[in-house]
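A look at the structure
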Amino acid sequence: MNSTAVAWFILQTTHSEMALGTFAMLQTLPAMLLLPFTGVIIDREDRRRLVMMLDAIRAVIILVVAILA
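Residues numbered from 1 in each chain as written. Predicted model: local features only at pLDDT ≥ 70, side-chain atom pairs only at ≥ 80, totals over all residues. Heavy atoms only, no water.

1. Focus on the overall build of the protein
What counts, and what does not: The numbering of helices and of strands both runs from the N terminus, where a helix is a DSSP run of H or I of at least 4 residues and a strand a run of E of at least 2. Based on C-alpha atoms, the radius of gyration is set beside the globule rule, defined as 2.2 Å times the residue count to the power 0.38. All accessible-area figures derive from a Shrake-Rupley calculation using a 1.4 Å probe, and residue coverage is judged against the displayed protein chains alone.
When helices and strands are counted, the protein shows three helices and zero strands. What you see in the protein, going N to C, is helices and strands ordered as α-α-α. The C-alpha atoms of the protein give a radius of gyration of 15 Å, which is well past the 11 Å a tight globule of 69 residues would have. Counting only carbon and sulfur atoms, one obtains 74% of the accessible surface of the protein, whose full area is about 6,100 Å².

What follows is the structure, given as structure tokens:
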């Protein structure tokens, strides 16, 4: 939901497909680069604690994006 809202905001604000494509690339690239390492971390850590930590980080990122928008 958040990703769709940010993409919609970028398209409405800039009217540029290039900006939207750049957003999509910048959103996908970190996941692709970090995937081999995150699998090891997920296997070794307590999953409940890891999920709570990742949700907190995601909430902070969404809050920063909302403030910047």
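Next, the rest of the story.
2. Remarks on a nonpolar patch on the surface
Operational definition: Only residues above 30% relative accessible area that lack a salt bridge enter a patch, with like-charged residues linked at up to 9 Å and the nonpolar side chains Val, Leu, Ile, Met, Phe, Trp and Tyr linked at up to 5 Å. For salt bridges, the criterion is a side-chain nitrogen of Lys or Arg within 4 Å of an Asp or Glu carboxyl oxygen.
Among the surface-exposed residues, Met25, Leu26, Leu29, Leu33, Leu34 and Phe37 lie close enough to one another that they form a single nonpolar patch of about 630 Å² accessible area. Inspection of the secondary structure assignment puts Leu29 in helix H2 (residues 17–44).

3. Topic: unusual backbone geometry
Positive phi, normally seen in glycine, also occurs at His15, with a value near 55°. Note on placement: His15 falls in the loop between helix H1 (2–14) and H2.

4. Quick look at the pattern of salt bridges
Note the following rule: Burial classes: relative accessible area under 20% of the type maximum marks a residue as buried, over 50% as exposed, and values in between as partly exposed (1.4 Å probe, protein chains only).
Overall, the coordinates contain three salt bridges when judged by the stated rule. A salt bridge links Asp43 to Arg47; the nearest nitrogen and oxygen atoms lie 3.8 Å apart. The same class applies to Asp43 and to Arg47, which are both exposed. Here Glu45 makes a salt bridge to Arg49, at a shortest N to O gap of 2.5 Å.

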